[in-house]
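Results of the structural survey
Now for the letters of each chain:
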Amino acid sequence: MSRRALRRLKGKQRGQEPLGPSALQFVLREDDDADEELPKRGPAGRFPRDAGKESVRVNNRFELINTDGLEEESVVNGDKLDCVTTDNVVSGNKGRDKHGGTETRVPGAAAGSEQQIAPSSKLRKKKKKHKHKRSVAGETTENGLEDIDRILERLEEDGGLTQPDPPPLGSRKHILHVEHRHLNPDTELRRYFGARAILGDQRPRQRQRTHPKSMWLTNPKSTWPRYSKPGLSMRLLETKKGRSLFAFEHSEEYQLVQHRFLAAVESMEPNNIVVLLQTSPYHIDSLLQLSDACRLQDDQEMARDLVERALYCLECAFHPLFSLTSGTCRLDYRRPENRSFYLALYKHMTFLEKRGCPRTALEYCKLILSLEPDEDPLCMLLLVDHLALRARSYEYLICLFQDWEPHRNLSQLPNFAFSVPLAYFLLSQQVSRPEHELSTTQEQASFLIRQALTMFPGVLMPLLEYCSVRPDPIVANHPFFGPNAQISQSPALNQLVSLYLGRSHFLWKEPAIMSWLEENVHAVVQAVDAGDPAVGACESRRRTLYQRAPRNIHRHVILSEIKEAVATLPPEVTTQSVMGFDPLPPADTIYSYIRPERQIPVGQANTVALFFRSLLPNYSTEEDRLQEERLDQEGGIADGLNRVQGLNRLMMAVREMMANFQFNDVDLPHLPRRGNLENLMGDDDEDESEDEGEGEGVWD
C-alpha cells in the first residue's frame, strides 16, 4: 500500500504532517508504491500514535521560515495545538528508542525541542493563572456588595464617614424618581406568574415587527396601524433652577384634525370619531374619547388598547431632553396640548391597577405627580397612598409622608391620616425585622391612628359599615363617633372621606388590623371622656379648614368614577358638561391657537333643527349673513337693517301661526260645535243657552 493511501486512511492530507529539522531533506523515489520502511505495529495491531512524526504541526511548510513568530504566536494565542505537539515530540522519541528505530540527530535538535517544550510549559502556567484570576474575580463580584457594606460599617463605627444629608425638599428627586423597569407591567406579571406566561404573547410580535422600536411606556403591537408622524411634537420652553419646562405642540395639519374632532364630539355620535380615526389613526384626543366609549360598553380590551396607542404616539413625540425618570421635567397643565399626556397616563394607570399590577400603577402615579408636583392638577396625592399599600411599598409611603409633611400638610388629608399608620402597622407585622424595630414601629402606628381618629371621627362608622363589622355599644353610643360626627362634616371634607372609603376600605378587613383599630378606638374614647385638649383643637381646625374643595379635587373625583364620591360633587360641577378628553379645564387656560367659529351651510343642516333655529330672534341664514357683511363693507347698512326687520316680521307671523295650531285627540269623541248644540236644543232652551253663554264653556 502506498503512502498516499495510508494518509487517506488516517484522515491526513499532504502538508499536515508534523515536520522537524530533517523534514526539509526530501528523498526522490522512483515509485511511490515501492516498499518503504514503516513503523512497527503495536501489540493490538495498531501503529503507535504519532510515530515517525516530527515536532511542529503546520499547514504550510513556508511557515517554518519564521519559527520565532510561530512560537510567540502560539504562546500568546494559547492554542491547544502547541501542547499537543510537545507531547507528540516526547512520545515519538520514546517510541523510536523502544522499537529500535534509527534516528538521525542534527546539531541543535535537542535545543530546539527544549525551546518547544519551554513555551508549552509557559502556556500551561499562564492558563492556570488565568483560571485562578477568573475564580478570584468571580468570588469578588459575588461578595463585592458585602465587602463594601462591611467597609462602610467600619468607617461609620470609627467616625470617619458620616451619612450624607438627604437632598433638599425642593428637588424631591428621591421621592419622585421613576425606574424604567417598573414602567413595564410584564416585569410585575413575570414575578407573579413566571416568564412563560409573558413570553407567550411576545413571540409572535417579535417575528412580525412593523414598528421601529419599543418604548418605555408601551410596546407597539402588530395590530396597530402603521405609525406616521401625525404633526405632534414637543419643545423646550425654559430651564430654571434645575427644572426643564416642556410643552407639546400641534402642527397646522394636526390643528385641522383637532377642529374636526371637536365637531364630532359636539355631534354626540361616536361613529363620527371612528370615521376620524380611520383617516388620522394617531389623533390623541380621538383615541382617549373612543376609549371611554368602549369602556362604557364593557369592551375593556379595546379601551386599553386605544390608550396604549395614544401613549405610544405621545412618546414618539418626546423632546430628546425630556426624561421620564429624572423627576425634573415639567409640563404645564394649563396648556390644552399637555392635558392629553396627563389623561393618557392616568387612564393607563387605572387599567394597570385593574389588571393586577399595583407596583407598575404606583410608578405611573409617581410619574404623573412629577410632571407638576406643586399644582398637582389631577390630585394624585389622593391616590398614591392607596397604590403604595396595594403594592406593599410601605417604606416609600412613610418616606413620602415624612418628607412632604412639613410643607404640604399631608396629615390634613384623610387618606394620608389613615394610610400612613396602616403602613406602620403592616411593617410591624413583618417577622424578618428586629424586635426593637417592630416595637417602635407599632407604637408609632398606634400614635398616628389615634391622631387620625381624633381629627376625622366621621370616618370610623362608615369604615366599619363597609367592612361589615358591628361596633360595640360603648363606641356606637358615644357622641364623638355617633351620627353627629358625620352630619357636622363640611361638604368638602365629606367628599374626601367618601373618596377614601370608597377606594381603600377593603384594606382594613383583615382581623389583625381590626383588632388593632378597636384597641386604639377605645383609647380615643377614654381621651375624649378625660377632656383631652387635642380634641377641641382638632374640632376647631375642622371648622376653619375644608370650606371649599379646589378644582383639581373635583377633577380627580370625576376621573376616579367612585359612586360615593361622585354623589358629593357640588351643583356647579354637576351642571357643567364634562368631556372625557378634557374634564373640568382650568379657568386660566393658556391657548396656543383658537378654534374658528363653526358655520353650518343651510343645505347640509337638519330640517327640524333649522326650523327650531328659525324661531330664535337672532336667526339668519349663511347667505344672508354673508350678504350683510358685504353690504356693510359697501356702505349699505340701511338695506341690511330693513332685511333683518323683514325677517323679524316673518318670524312673528310664524309664531302666531304656531300658536293657533290645534290638535284633535283621537281617543275623545267628536263633539259638535256650540251653534249646532243650540239648534238641537230648540227655541225652548234658548234663554238657558243665552245664560250659559255669558259664562265660560264647560266640556262634559
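All figures in this text were calculated on a predicted structure; none of them were measured in a lab. Throughout, a residue's number is its position along its own chain's written sequence, starting from 1. Totals for whole chains, interfaces and linings use all residues, but because this is a predicted model, local features are given only for residues with pLDDT of at least 70 and pairs of side-chain atoms are given and counted only at 80 or more. Hydrogens and waters are ignored; side-chain quantities use all the structure's heavy atoms.

Quick look at the overall build of the protein
Under the convention used in this document: Secondary structure elements are taken from DSSP: a helix is a run of H or I of four residues or more, a strand is a run of E of two residues or more, and numbering for both begins at the N terminus. Burial classes: relative accessible area under 20% of the type maximum marks a residue as buried, over 50% as exposed, and values in between as partly exposed (1.4 Å probe, protein chains only). Residues count as neighbours in contact if any of their non-hydrogen atoms are within 4.5 Å of one another.
When its secondary structure is counted, the protein shows 32 helices and three strands. Buried residues in the protein amount to 38% of all 700 residues. Counted over contacts in the protein with a minimum sequence separation of 6, partners at least 24 positions apart contribute 72%.

Remarks on the confidence of the model for the protein
Where we set the bar: pLDDT is a residue-level measure of predictor confidence that goes from 0 to 100.
Scored by pLDDT, the protein comes out at a mean of 74, with 58% of its residues at no less than 70. Averaged pLDDT values for the elements of the protein fall to 41 in helix α3 (residues 81-99) and rise to 96 in helix α15 (residues 384-390). The low-confidence segment residues 67-120, where pLDDT is below 50, has 39 contacts with residues more than four positions distant or belonging to other chains. Considering only residues more than four positions removed or in separate chains, one finds that residues 155-173, a stretch of pLDDT under 50, has 16 contacts.

A closer look at helix α18 (residues 435-455)
For clarity, the cut-off: By this rule the span expected of a helix is its residue count minus one, scaled by 1.5 Å.
The end-to-end C-alpha distance of α18 is 31 Å, a good match for the 30 Å that 21 residues give at a rise of 1.5 Å each. Contact partners of the buried residues in α18: α17 (414-428), α19 (460-466), α23 (511-529) and α24 (533-544).

A short note on the nonpolar core
Put simply, the rule is: Definition used in this section: a nonpolar core is a set of buried Ala, Val, Leu, Ile, Met, Phe, Trp, Tyr and Cys residues joined via side-chain atoms within 4.5 Å.
Among the nonpolar cores identified, the biggest contains 134 residues, and Leu217, Phe322, Phe341, Phe416, Phe418 and Trp508 are the most heavily contacted of them. At 10 residues, α17 tops the list of elements feeding residues into this core.

Examining the state of the cysteines
Stated formally: Count a disulfide wherever a pair of cysteine sulfur atoms falls within 2.5 Å.
Throughout the structure, instances matching the rule amount to zero disulfides. No disulfide involves Cys313; its nearest neighbouring cysteine sulfur is the one of Cys316, lying 6.6 Å away. On the basis of relative accessibility, which here comes to 0%, the residue Cys313 falls in the buried class.

A few points about the pattern of salt bridges
As a reminder of what qualifies: Each reported salt bridge corresponds to a side-chain nitrogen of Lys or Arg within 4 Å of a carboxyl oxygen of Asp or Glu.
Across all of its chains, the model carries 19 salt bridges by this definition. A salt bridge links Arg334 to Asp332, with the nearest nitrogen and oxygen atoms 2.9 Å apart. Assessed through its relative accessible area of 9%, Asp332 is described here as buried. Taking the shortest distance from any N to any O, the salt bridge between Arg334 and Asp588 comes out at 3.8 Å. Taken together, the residues Arg334 in the loop between β3 (329-331) and α13 (336-355) and Asp588 in the loop between α27 (571-574) and α28 (607-614) connect sequence positions 254 residues apart. Taking the relative accessible area as the measure of exposure, Arg334 reaches 34% and is therefore partly exposed. Residue classification places Asp588 among the partly exposed positions, given a relative accessible area of 46%. Several salt bridges converge on common partners, so that one network encompasses Lys221, Glu301, Arg304, Asp305 and Glu308.

Some words on the packing of helix α11 (residues 284-296) against helix α12 (residues 300-316)
Basically, it comes down to this: In this analysis an axis means a line fitted to C-alpha atoms, helices contributing only their contacting stretch, and an angle means the value between N-to-C directions, from 0 to 180 degrees. Roughly parallel covers angles under 35 degrees, roughly antiparallel covers those over 145, roughly perpendicular covers 65 to 115, and oblique covers all other angles. Left-handed describes a crossing in which the near helix is turned anticlockwise from the far one by less than a right angle; the clockwise case is right-handed. Each residue is assigned to one class: nonpolar for Ala, Val, Leu, Ile, Met, Phe, Trp, Tyr, Cys and Pro, charged for Asp, Glu, Lys and Arg, and polar for all the others, Gly among them.
In the contact formed by α11 and α12, the axes pass within 8 Å of each other and the chain directions differ by 165°. With respect to each other, α11 and α12 are oriented roughly antiparallel. For the element pair α11 and α12, the recorded crossing hand is left-handed. Only Gln300, Met302, Ala303, Leu306, Val307, Arg309, Ala310, Cys313 and Leu314 of α12 make contact with α11, whose side of the interface consists of Ile284, Leu287, Leu288, Leu290, Ser291, Cys294 and Arg295. Tallied by class, residues from the contact of α11 with α12 come to 12 nonpolar, two polar and two charged.

Overview of the environment of Pro320
Within the fold, Pro320 resides in the loop between α12 and β3. Once the C-alpha coordinates of Pro320 and Met234 are considered, the two residues, 86 residues apart in sequence, prove to be 9.1 Å apart.

Thoughts on unusual backbone geometry
Non-glycine residue Tyr546 carries a positive phi angle of around 60°. Mapped onto the secondary structure, Tyr546 falls in the loop between α24 and α25 (551-560). Phi is positive for Leu584, which is not a glycine, with a value near 50°. Of note, Leu584 is situated in the loop between α27 and α28. Judged by relative accessible area, which is 3%, Leu584 ranks as buried.

Comments concerning the environment of Leu413
Take Leu413: it is sitting in the loop between α16 (394-408) and α17. Distance in space between the C-alpha atoms of Leu413 and Tyr500 is 9.6 Å, their sequence separation being 87 residues. Residues within four places of Leu413 in sequence aside, it is in contact with Leu382, Phe456 and Leu496.

Section: the packing of aromatic side chains
Put simply, the test is: Centre distance within 6.5 Å is the pairing criterion for rings of Phe, Tyr and Trp, where only the six-membered ring of Trp is used; planes under 30 degrees apart are then read as stacked, over 60 as edge-to-face, and the remainder as tilted. Lysine NZ or arginine CZ positioned within 6 Å of the ring centre and within 35 degrees of the ring normal marks a charge as sitting over the ring.
Scanning the model with the defined rule gives 17 aromatic pairs in all. Summarising the aromatic geometry, the rings of Phe480 and Phe481 are spaced 5.1 Å apart at their centres and angled 85° between planes, so their arrangement reads as edge-to-face. By relative accessible area, Phe480 is classed as buried at 13%. One aromatic cluster is present, built from ring pairs that chain together Phe246, Phe248, Phe318, Phe322 and Phe341. The aromatic ring of Tyr282 is capped on one face by Arg309, whose charged end is 5.9 Å from the ring centroid. Its end group placed over the ring of Tyr396, Lys366 keeps NZ or CZ at 4.8 Å from the ring centre.

Focus: helix α14 (residues 358-371)
The end-to-end C-alpha distance of α14, which contains 14 residues, comes to 20 Å, matching closely the 20 Å that a straight helix rising 1.5 Å per residue would cover. Counted residue by residue, α14 has 14 buried out of 14 residues, so it is predominantly covered.

Thoughts on the sheet that holds β3
To be explicit about the condition: Strands qualify as paired when DSSP identifies two bridges or more between them.
The three strands lie next to each other as β1-β2-β3, forming an open sheet whose pairing is mixed. At either margin of the open sheet sits one strand with a lone partner, and together these are β1 (232-240) and β3. Mean inter-strand twist for the sheet, computed between neighbouring axes without regard to direction, equals 35°.

Quick look at the side chain of His250
Selection rule: Identification of polar contacts relies on pairs of N or O atoms within 3.5 Å, with a donor-acceptor requirement for protein atoms, meaning one able to donate a hydrogen and the other able to accept it, and with residues adjacent in sequence counted only if both atoms are side-chain atoms.
Of note, His250 is situated in strand β2 (residues 243-250). His250 sits in the buried class, given a relative accessible area of 15%. For His250, the side chain forms a polar contact with the side chain of Tyr593, separated by 2.8 Å. Those residues in contact with His250 that lie beyond four places of it in its chain are Gly231, Leu232, Gln255, Glu337 and Tyr593.

Thoughts on the pairing of β1
In terms of strand pairing, β1 meets β2 through eight bridges, oriented antiparallel. Residue Leu232 lies in a different strand from β2, and its bridge partner there is His250. Between β1 and β2, which follow one another and run antiparallel, lie two residues, and Lys241 among them has a positive phi close to 55°.

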